Amino acid sequence: MSVTSAPMASTYLQCIEETCGRRQDTQVDVHACTSCGGLLDVKYDFDPINPAQLRDTWRQRRLSDDPIDRSGVWRFREIVPFADPGSRIITLSEGFTPLVEAPRAGSWAGPVQLTVKHQGANLTGSFKDVGMTACITRAVCRGARWVACASTGNTSSSMAAYASRAGLKALLFVPLNQISAPKLAQALDFGAFVVEVGNNFDAAFRLLVEIAPELGLYLVNSINPFRIEGQKTIVPEMLEQRGWRSPDYIVVPGGNLGNSSAIGKGLQELKDLGVIEKIPKLVIVQAAGASPFYETLRAGAKDLCAVENPHTEASAIRIGHPANWKKARRALLWAGGFCESVTDDEIFEAKAALAKDGVACEPASAAGLAGVRKLAQAGKIEKGADVVCVLTGHQLKDTEYIMRHRSGEKAGGQRMQVEADLNSLRTQLKRVLGGS
Ligand code: F0G
């Protein structure tokens with residue numbers, strides 16, 4: 001499968017540091033500026049476009065059966081034009097995720113007018129797939145044989161799937177006993193090699209970044225700027241689903257801060273191209289025990305206030321040294337908005353509020369909504385605001401969490417074991433049904 005239409009832009013890599021801004025050779029696999037070590041952006045010199053025509057082209061492709069158009073990333077290829085014509089595109093029909101209204105949760109949180117963009121509907125169950133199609137496509141273009149990442153579990157499942165699809169070998173570093181069983185199972189199921197190392201994501205990530213060059217591993221963590229290119233297409237997909245009406249707020253949970261950076265980049269590029277007029281405010285929500293970015297902004301600090309032993313039940317975002325924090329800070333500057341932090345109890349309440357609308361997600365994803373409630377209570381998000389929460393992962397990504405919260409005393413007897421006779425059933429069920 002390949003892209004047939006010519007790219008409408010030339011691609012380059014550039015350091016994000018204002019004091020540097022050095023361009024890098026796109027034919028070398030670097031994830032940091034060779035001059036100052038800063039993060040890199042994939043950038044394009046876009047040819048002039050007609051925004052209405054572009055929106056129309058994207059819409060037309062929804063009717064197409066071409067596998068490239070069936071991808072919610074490559075359907076927007078005019079803004080992801082890094083793959084040369086003829087490049088092999090590695091896609092699993094990612095994207096095309098639903099935008100669902102959640103009125104009960106919206107009223108609980110604000111009231112706000114709430115919809116959720118459910119990235120858990122991607123094939124491996126998280127938003128990582130929309131980044132991975134771009135990154136693995138790039139890895140194939142670069143002739144990689146082994147791809148690698150450190151992960152709290154979702155990047156790794158996604159990498160494992162896309163690597164399989166591409167015929168590449170996958171190696172993942174995960175912190176020992178810190179990622180949920182379903183996520184680990186997914187990666188193993190795709191044949192990935194799993195290295196359990198370190199006590200948290202940050203340790204595993206640091207070791208991988210150091211060892212990757214000498215072992216010739218192609219890194220697919222979100223410091224690889226091509227991941228960001230795929231993830232930014234969450235923005236046009238969401239806005240198209242809303243008839244190109246920007247919401248007041250887009251809300252995402254923040255871990256390594258790649259997704260918030262990607263959404264910021266998507267918004268900024270669409271604005272620069274004239275595809276959208278209004279940039280919604282961006283809200284990034286971290287878990288209280290793992291909130292280095294929140295603390296950094298609160299302190300107005302120049303350097304990251306890293307957290308050495310991050311803790312939260314939302315294991316996906318248990319990260320103390322987010323690699324992309326400078327890009328996320330830039331995204332907040334571009335879009336305006338806030339970073340908030342929420343406790344594990346607040347995350348559970350938000351997850352339970354969504355469940356009342358028939359919508360579920362993994363704990364990290366619910367952090368966003370918990371943040372909305374907190375910001376609305378503080379008067380920072382106005383009542384009735386039009387809010388889209390990006391739900392990043394599927395409900396079944398962390399079943400241990402659900403069993404812990406939903407089957408003990410705390411859950412109010414939701415789960416019961418009953419003797420297999422009618423009398424016992426009557427007694428127990430009267431108790432349950434009587435309360436309804
Ligand atoms: N939500 C979920 C479900 C995640 O898996 C992650 C990150 C995030 C939110 C935060 O996104 O890192 O871009 O700020 N998971 C990574 C992983 C770290 O390894 O799967 P971020």
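To be clear, the structure that these remarks concern was listed above.
Just so we're clear, the structure is a prediction, and the values are computed from it rather than from any experiment.

> What should I look at first to understand the overall build of the chain in this one?
The secondary structure content of the chain amounts to 15 helices and 13 strands. The C-alpha radius of gyration of the chain comes to 22 Å, within 12% of the 22 Å expected for a compact globule of 436 residues. Viewed in the frame of its principal axes, the chain has a C-alpha envelope of about 75 × 50 × 45 Å. Here the chain, with 436 residues, has 56% of them falling under the buried criterion. Expressed as a percentage of contacts within the chain between residues at least 6 apart in sequence, the contacts between residues at least 24 apart total 71%. Of the accessible surface of the chain, which amounts to about 18,200 Å², a share of 49% is contributed by carbon and sulfur atoms.

> Mind showing me how you'd approach the site of the ligand here?
Near the ligand, the surroundings consist of 20 residues, among which Ser151, Gly255, Asn256, Leu257 and Thr392 are the closest. Between an oxygen atom of the ligand and a main-chain N or O atom of Gly255, the distance comes to 2.8 Å. Between Leu257 and the ligand, the recorded distance is 2.7 Å, taken from a backbone N or O atom to an oxygen atom. Summarising the interface, the protein chains cover 99% of the accessible area of the ligand, which totals 470 Å² for the free molecule. Applying the majority rule of atoms within 2 Å of the grid points places the ligand in the largest cavity. Listing elements by their share of the shell around the ligand, those giving two or more residues are helix H4 (154-166) and helix H9 (258-272). Here the shell around the ligand is composed, by residue class, of seven nonpolar, eleven polar and two charged.

> When you look at the packing of helix H12 (residues 344-355) against helix H13 (residues 363-377) in this model, what are you seeing that I'm missing?
A pair of packed helices is characterised by two quantities: the angle between their axes and the separation of those axes. In the contact formed by H12 and H13, the axes pass within 7 Å of each other and the chain directions differ by 95°. One element, H12, and the other, H13, form an angle in the roughly perpendicular class. Counting all contacts with H12, which are made through Glu346, Ile347, Ala350, Lys351 and Leu354, the residues of H13 involved are Pro363, Ala366, Ala367, Leu369, Ala370 and Lys374.

> Looking at this structure, how should I read the sheet that holds strand E2 (residues 23-24)?
What holds strands together in a sheet is hydrogen bonding between their backbones, with the strands either parallel or antiparallel. A sheet is described by the order of its strands in space; here three strands give the open sequence E2-E1-E3, paired in antiparallel fashion. Two strands in the sheet have a free side with no partner beyond their single neighbour: E2 and strand E3 (40-46). Examined bridge by bridge, strand E1 (residues 9-15) and E2 share two bridges and lie antiparallel to one another. Note on E2: the bridge partner recorded for Gln14 is Arg23.

> Would you mind going over the pattern of salt bridges with me for this structure?
Two side chains carrying opposite charge are able to pair once their charged atoms lie near each other. What the rule picks out here adds up to 23 salt bridges. For Glu229, the salt bridge goes to Lys265, with nearest N and O atoms at 2.7 Å. Of this pair, Glu229 sits in helix H7 (residues 225-231) while Lys265 sits in helix H9, and the two are 36 residues apart along the sequence. Overall, the relative accessible area of 5% leaves Lys265 in the buried class. It is possible to trace a salt-bridge network through shared partners that takes in Arg61, Asp69, Arg77 and Glu78.

> Would you take a moment to explain the state of the cysteines for this structure?
Each disulfide is one covalent bond, formed between the sulfur atoms of two cysteines. Tallied over the entire structure, the rule returns zero disulfides. Note on Cys20: no disulfide assigned, nearest cysteine sulfur contributed by Cys33 at a separation of 3.7 Å. We classify Cys20 as partly exposed; its relative accessible area is 26%. Judged by its relative accessible area of 5%, Cys33 is buried.

> Mind showing me how you'd approach the sheet that holds strand E12 (residues 337-342) here?
As summarised here, the arrangement of the six strands in space is E4-E5-E13-E10-E11-E12, forming an open sheet in which the pairing is mixed. Each edge of the open sheet carries a strand with a single partner, namely strand E4 (99-101) and E12. Pairwise comparison of adjacent strand axes, ignoring direction, gives a mean angle of 25° for this sheet. Sheet topology places strand E10 (residues 249-253) next to strand E11 (residues 281-287); five bridges connect them, and they run parallel. Considered in E11, the bridge of Val251 is made with Val283. Each of strand E5 (113-118), E11, E12 and strand E13 (386-391) is contacted by H12, which is oriented at about 105° to E12, the strand it contacts most. Sheet strands in contact with H13 are E5, E10, E11, E12 and E13, and its direction is about 110° off that of E12.

> When you look at the layout of surface pockets in this model, what are you seeing that I'm missing?
Picture a little ball the size of a water molecule; that probe, rolled over the atoms, points out where space is still empty. Put simply, the largest pocket is a space of about 550 Å³. Taken together, 23 residues form the lining of the largest pocket, with Phe205, Val209, Leu219, Ile223 and Ala323 sitting closest to its centre. Put simply, the parts of the chain that give the lining of the largest pocket at least two residues each are helix H6 (201-215) and strand E9 (218-219). By residue number, the principal contributor to the lining of the largest pocket is H6, which donates six residues. Looking at the lining of the largest pocket residue by residue, the class counts come to 15 nonpolar, five polar and three charged.

Cut-off values and rules
- Residues numbered from 1 in each chain as written.
- Predicted model: local features only at pLDDT ≥ 70, side-chain atom pairs only at ≥ 80, totals over all residues.
- Heavy atoms only, no water.
- Helix = DSSP H or I, 4+ residues; strand = E, 2+ residues; numbered from the N terminus.
- Rg over C-alpha atoms; globule rule 2.2 N^0.38 Å.
- Buried < 20%, exposed > 50% of the residue type's maximum accessible area, 1.4 Å probe, protein only.
- Contact = heavy atoms within 4.5 Å.
- Areas by Shrake-Rupley, 256 points an atom, 1.4 Å probe, with all protein chains shown as cover.
- Near = heavy atom within 4 Å.
- Polar contact = N/O pair within 3.5 Å; in protein donor to acceptor, adjacent residues only side chain to side chain.
- 1 Å grid on protein atoms, 1.4 Å probe; cavity = no way out; pocket = protein on both sides within 12 Å on 5 of 7 lines; lining within 4 Å.
- Sits in = over half its atoms within 2 Å of the grid points.
- Nonpolar A, V, L, I, M, F, W, Y, C, P; charged D, E, K, R; others polar.
- Axes fitted to C-alpha atoms, helices over the stretch in contact; angles between N-to-C directions.
- Parallel < 35°, antiparallel > 145°, perpendicular 65-115°, else oblique.
- Pairing = 2+ DSSP bridges.
- Salt bridge = Lys/Arg side-chain N within 4 Å of Asp/Glu carboxyl O.
- Disulfide = S-S within 2.5 Å.
- Points joined across faces, edges and corners; volume = space filled by probe spheres on them.

So yeah, pure geometry; function would need other evidence.
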